[in-house]
Structures are given as structure tokens and as C-alpha cells.
Amino acid sequence: MGAAGGGYADIFRAPHVVRLLVGTLVGRLPNGTAHIAIVLFTRAEGGSYTLAGALAAVYGLATAAGQPLLGRAVDVYGQPRVQLPAAVVSALGMAWLALAGTDPLPVAFAAVVVAGFFTPPLEGGLRALWPAVLGRGDRVHRAYALDAVAQEVMYTVGPLLVTLLVWLWSPAAALLVINVAGVAGALAVVSSEPSRAWRSEPREAHWLGALRSRGLLALLAAFFFIGLAMGSITVAALAYADGHGGDGVYGLLMAALGLGALAGGMVYGARPWAGAPEVRLRALVGLLALGYLPLVLVPDVAVMAVLAAVAGVFLAPAIACAFLVVDRHALRGTVTEAFSWLVTTFGVGAAVGSAAAGPAVELAGVPYGFGVAGAGGAAALLVLLATRRVLAAAPRSGRPVVETPAHVSENDRNGTVEPGFSTGRQA
């Protein structure tokens, strides 16, 4: 950790880091908890599970459609002019649902479409800021790992917070409070000096935007299958829990997955890594795929919890490494959009995985549900192997090159920036 410049303490001591990280996590609470809050609200309104699932699915699809478009707008117009207005409109959509209820149905669906589509791309925006805020490539690397760990915390704490708000007040109140918090988080980010001063590099006008990068397309294809694996595990774990003790066992397995990811991310980010991140990503995804395979054995609960924790260990490191690869392959002026595409692709993959695991469990049994996860991990690795030449090619972003400090390796050259906040990525 000392070789890495002080580990995570070095990151937290840097100006603006705590504000940006906490603000982004709070700002993303509505998106991270929306599926649970919508389901609880719909059921409280007397709606069926089918309606609750449909509203949650429409919200997810709307979010997937909006993220890359809003990310492109951030690259063009800057963060404050896009992030905060989007957060306000998204919160108004959820408030519309909370106050109007689920009848009439077209109004309810319109509300979740607005709320989902205008979810601000805070995730991509934060990752675009890290190089300017932290400067050195090794510090940016650790920040990406910390970001991946923070995601696991948010996805663990967020549902508990929604449940607490429902218990204290009501599902409608939970919707309102979470979204007010989301606007406050977005405001904290966009009013900071780095966010206000950040400017994307000039970009070539093209309707494909970030998707013109072949390296980014290869990465998105791989992370679709990683998302598929994660989505299938949530369904397969629920089916396993139904036969081994119910909701408590399901919570245990999900907590074990999250704990494994937390541990893996903390260890991965605490040390420097040599070599190209594209090569390291293939190794991490291969280990991730291997971690999923023992789940098909469906042993007793204690052993299954251990296997779930092991399966989660390489997720956060793989995500953190993917952030580096995105930054290296995103074309000039498209960094926020590129990160937003990664979020979208992962989310769509998770939705497909959830849909695929259900029939697999019902038709063939619980092991086959976990088998979908293993197949997803293997497919992700095959994509990375098949596209290794594309990912190994020098990024064609047209970025100006600056002198690399002696303490940064040649492979980290793309993550190195000059001091200041004048651009999204200057190396």
C-alpha cells in the first residue's frame, strides 16, 4: 500500500474526493433502490406482482435508454447544465407516481418512464472527473477500485434504507425521501469546483458518438454477459432459498456476494498493478467465471454462503479494471458517454439474465439457474479473448500526449493528466 502512495488514505486526503464520492452515492440512491421502492409502492396501492414487475422493468428500460444520451449531453454541455436538471426531472417523475398512485395505469407508466429516462449519469460523470481531481494514474486506478467498492455498499445499504422508510412512514414517503436525497446528492456534486470547471475534450460530431470505438464495443459486449451472470444469480439464489429456509437465506447469500465483492475491491485497489489493464481484465473475468461454476453444486446453506462470497470476490476488481479500459479506449470528447454505455449494457445484461434464469429454474431446476451465471461469465471471457487484438490496439482518441512522470508506467500513460480541471482527460 505504501508503494501505491498511501493507499486509500492518499485518495481521501485529496481535495474534493469525499464530497464527490459521497455526493455521487447519495445522488444515485434513487436509481439503486427504485426497483424495490416501486414494487413496494405498487403492492401498497393494491397492484399485482405482475404490475409491480412491469413498472420496475419499464423504469429500468427507460434508465438504460437515457444514460448514454444524457452522458453525451454532459460531454457536450458540461456536468452542471445536465446533471442537476436531469435529477430534478427524474425526482418529479417519481413524485408524480407517489402522489398520483397506480390508477390510471398510463399515468403510472408515464411517471416511471420520466423518472427512469432522466436519471442523471452521475456514475459516468464521477469517473470522468477522477483523472482531473487525482492527477496520477496510480491514484486514479485506486479511485476506480474505491468507486466499485462504494457501489456494493450502496446496493447493500440502499434497500435497507427503503425498507426502514416504509416501516417508519409509507412506500409513497420512501419514494419521495429517496428522490429528494438524490437531488441533494446531485447538487453536492455539480456545485463542486471540479464538476463546474470540467470540460470534455473537443469531439468529432457523429451520431454514433462513443460507440465508434471498437475497443469500447468489445468491452460492452463482455460486460453484457457479466451483467447477465449477475442478474441470473439473483433469481437462482431466490429459488435456492425457497427450498432452504426462505427469505433469510436469500438475504444471507446476497450479503455474502456483496461481502466478497467488497473484500476483493478493497484488496485490488490497495496496491499498484503492472501491465496493460486489458490483459489484467481478461484474467479477472476468467477468475470471475470460475467463481460462478461451483454454485451449480447447490450444497447446504453454510457452504453455499462461502461459495457465494468467493463468487463475488472478483466482481469489483473486474469492474474497476474495466473503468481503466473504458478511459483508454473512449474516443476524444466521449468519456462520460462511454462510461454511461457501460452502465447501460451491464443493466440490460442483468435484466436478460433475470429473465433467462427464471425459465431455467422452472424447467430444469435450481442448478441450471446458477448455470446461466456460469455461462454468462464464460461468454464474457470468450468475448475478451476473441477481441484481444482490438483491445490491445493503441486507443485512437486523438488525445494530446503529455510527458509521463517517472513514477507512472508506460501502460498507465493514458491515465495521467496535468494538474487542474480544464478537461475530462488530458493524457
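Residues numbered from 1 in each chain as written. Predicted model: local features only at pLDDT ≥ 70, side-chain atom pairs only at ≥ 80, totals over all residues. Heavy atoms only, no water.

1. Points about the nonpolar core
For step 1, the next point in the chain: Ranked by internal contacts, the top residues of the largest apolar core, which has 106 residues, are L97, W130, L134 and L281.
For step 2, the next point in the chain: The greatest single-element share of this core, amounting to 15 residues, is contributed by helix α11 (residues 214–242).
For step 3, the next point in the chain: Apart from the residues lying within four places of it in its own chain, the contact partners of W130 are V17, L21, G135, V140, A143, Y144 and D147. (Core = buried A, V, L, I, M, F, W, Y, C linked by side-chain atoms within 4.5 Å. Buried < 20%, exposed > 50% of the residue type's maximum accessible area, 1.4 Å probe, protein only. Helix = DSSP H or I, 4+ residues; strand = E, 2+ residues; numbered from the N terminus. Contact = heavy atoms within 4.5 Å.)

2. Some thoughts on the confidence of the model for the protein
For step 1, the next point in the chain: Within the protein, residue pLDDT values average 83, and 88% of them lie at 70 or more.
For step 2, the next point in the chain: The weakest mean pLDDT in the protein belongs to helix α1 (residues 7–13) at 80; the strongest belongs to helix α5 (residues 80–100) at 96.
For step 3, the next point in the chain: For residues 1–5, every residue scores under 50 in pLDDT, and the model assigns this stretch 14 contacts once sequence neighbours within four places are set aside.
For step 4, the next point in the chain: Throughout residues 396–427 the model reports pLDDT below 50, and contacts reaching past four residues in sequence, or to other chains, amount to 83 contacts. (pLDDT = per-residue confidence, 0-100.)

3. Describing helix α9 (residues 171–190)
For step 1, the next point in the chain: If you check α9, its first and last C-alpha atoms are 29 Å apart, about what 20 residues at 1.5 Å a residue would give, namely 28 Å.
For step 2, the next point in the chain: When α9 is considered as a whole, its buried residues turn out to be P171, A173, A174, L175, I178, N179, G182, G185, A186, V189 and V190. (Expected span 1.5 Å × (residues − 1).)

4. Digging into unusual backbone geometry
For step 1, the next point in the chain: Cis geometry is found at the peptide bond from D103 to P104, where omega equals 10°.
For step 2, the next point in the chain: Looking at where P104 falls in the secondary structure, it is placed in the loop between α5 and α6 (105–117).
For step 3, the next point in the chain: One non-glycine residue with positive phi stands out, namely H16, at about 80°.
For step 4, the next point in the chain: Structurally, H16 is set in the loop between α1 and α2 (17–27).

5. Some details on the packing of aromatic side chains
For step 1, the next point in the chain: Inspection of the entire model under this criterion finds seven aromatic pairs.
For step 2, the next point in the chain: Seen in terms of ring centroids, F224 and F225 are 5.2 Å apart; in terms of plane orientation they differ by 80°. Their pairing is edge-to-face.
For step 3, the next point in the chain: Exposure remark for F225: the relative accessible area of 25% places this residue in the partly exposed category.
For step 4, the next point in the chain: Grouping aromatic residues by their ring pairs yields a cluster made of Y144, F323 and F339. (Phe/Tyr/Trp six-rings, centres within 6.5 Å; stacked < 30°, edge-to-face > 60°.)

6. Describing the packing of helix α4 (residues 49–77) against α5
For step 1, the next point in the chain: Close contact between α4 and α5 brings their axes to 9 Å; oriented N to C, the two are set at 160°. The angle between α4 and α5 falls in the class roughly antiparallel. In the crossing of α4 with α5, the sense of the turn from one axis to the other is right-handed. When α4 is examined against α5, the residues Y59, L70, A73, V74 and Y77 are found in contact with a partner set consisting of R81, V82, Q83, A86 and M94. (Axes fitted to C-alpha atoms, helices over the stretch in contact; angles between N-to-C directions. Parallel < 35°, antiparallel > 145°, perpendicular 65-115°, else oblique. Left-handed = near helix turned anticlockwise from the far one by under 90°.)

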